[in-house]
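# Summary of the model geometry
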Amino acid sequence: MTRQECDKIAFQNGFRRSHSETGGWRHYTSTTAQGAIWLAAEQTGNWLLSIDHAGVLAEIGLEVCDADGPGLTRFRFTSLTSLYAVMPRLYELAVSLPDAPLQEFLHRTSEMPKTTEAERLVVQRVAQDIFRDRLITYWQGSCPLTGISDHALLRASHIKPWKDCESDEDRLDVHNGLLLSALWDAAFDRGLVTFDDGGHPQFSTQLSETAATELRWQAPIGLTDKHRARLEWHRREVFEKGHGG
C-alpha cells in the first residue's frame, strides 16, 4: 500500500519515472524537471521526502528533518495531506531551476538553422516562449505585485534586458525575470520603476503622479539573492535612464 501511495504522489506531480527502491525509499525522476526525489513512510505514520536538487532546496522553504536517507536533504510530514501540499511547488521549482529552460531551448533548437537573420529570429522566439512559460510556472501563474492571473495581461519581464545578456544561459534564467502585469512591465522596461532588495517598488521622478497612482500593488515581490543581484544592475543601468530593452 505504501508503494502504491508513493507512486501516486510522484506520478501526479510530474515525477513519472520510477526507479529502484533502497532501504524503503522509492526513487523517482521526471522527463521535464531536473533532479530526483525519494519517498518513504515511517512506522510512526509520518511520510518522508528527499531531494537532490540544490536549487529547489534553496527555495522550497521546508524544515529539514534528521532522517537518514538518499539525496541532499530530507523532510518529514505528519500526514499525506501536508506532503501533497508541497509537491506542486517542488515540481514548479524543479522544472525552472537552475538551467532547465536553457536545456529545453538547446534541445528544441539543436537542429534548427541559424544562418540568416530570419532564422535567428525564429530561434530567438523559441527562447522567449520558453522563458515566458517557465516564468509563469516559477511565479505560479500570477503577477506577484498585483495578483493578476489573466495570462493575456502578464508579461515575462527581463530584469537584465535580452540585448544586454552575455549568454543564452543568462537570458533564460528565471532569476533574471519577473512576471508582471502589462502596465508594470511597461514601466519596468522603460526604467520608470524598479524594486529594492525587499521587493518594494521604487518610482522614477520621470513618472507622473497620476501614473504612479495607477500602478497599484498589493504586496512586495518575494525575491531571492539571485533576483537581488540583477535588480541592483537594473537600478544602476536602467532605472531613471528612460530606456529599456
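Residues numbered from 1 in each chain as written. Predicted model: local features only at pLDDT ≥ 70, side-chain atom pairs only at ≥ 80, totals over all residues. Heavy atoms only, no water.

Broken down by element type, the protein carries nine helices and nine strands. The principal-axis extents of the C-alpha atoms in the protein amount to approximately 65 × 45 × 30 Å. Sequence-distant contacts in the protein: of pairs separated by 6 or more residues, those separated by 24 or more amount to 57%. Charge separation in the protein, taken as the distance between the mean sites of 26 positive and 34 negative side-chain charges, equals 3 Å. (Helix = DSSP H or I, 4+ residues; strand = E, 2+ residues; numbered from the N terminus. Contact = heavy atoms within 4.5 Å. Lys, Arg positive; Asp, Glu negative; His and termini not counted. Charge placed at Lys NZ, Arg CZ, Asp CG, Glu CD.)

Now for the nonpolar core. Counting 54 residues, the largest nonpolar core has Ile37, Leu49, Leu83, Leu90 and Leu178 as its most contacted members. The element best represented in this core is helix α5 (residues 117-138), accounting for eight residues. Excluding residues that lie within four positions of it along the chain, Leu49 makes contacts with Trp25, Ile37, Trp38, Leu39, Thr73, Arg74, Phe75, Phe77, Leu83, Val86, Met87 and Leu90. In terms of nonpolar packing, the next biggest core, distinct from the first, is built from seven residues, Trp25, Leu48, Cys65 and Ala67 among them. (Core = buried A, V, L, I, M, F, W, Y, C linked by side-chain atoms within 4.5 Å. Buried < 20%, exposed > 50% of the residue type's maximum accessible area, 1.4 Å probe, protein only.)

One can find His234 in helix α9 (residues 225-237). At a separation of 2.9 Å, a polar atom in the side chain of His234 contacts the side chain of Thr194. (Polar contact = N/O pair within 3.5 Å; in protein donor to acceptor, adjacent residues only side chain to side chain.)

Moving on, we get to helix α1 (residues 2-12). By the burial criterion, the buried members of α1 are Glu5, Cys6, Asp7, Ile9 and Ala10. Tucked into the core, α1 has its buried residues touching β1 (17-22), β2 (25-29), β3 (36-41), β4 (47-51) and α3 (80-94). A positive backbone phi angle near 90 degrees is found at Gly14, which sits one or two residues after α1.

Following both chains from N to C, one finds α1 and α3 inclined at 25 degrees, their axes separated by 10 Å at the closest point. Judged by the angle between their axes, α1 and α3 are roughly parallel. In this structure, the crossing between α1 and α3 has a hand that is right-handed. Taken together, the residues of α3 that come into contact with α1 (itself represented by Glu5, Lys8, Ile9 and Gln12) are Leu80, Leu83, Tyr84 and Met87. Taken together, the residues of the contact of α1 with α3 break down into five nonpolar, one polar and two charged. (Axes fitted to C-alpha atoms, helices over the stretch in contact; angles between N-to-C directions. Parallel < 35°, antiparallel > 145°, perpendicular 65-115°, else oblique. Left-handed = near helix turned anticlockwise from the far one by under 90°. Nonpolar A, V, L, I, M, F, W, Y, C, P; charged D, E, K, R; others polar.)

Nothing here speaks to function; it is all geometry.
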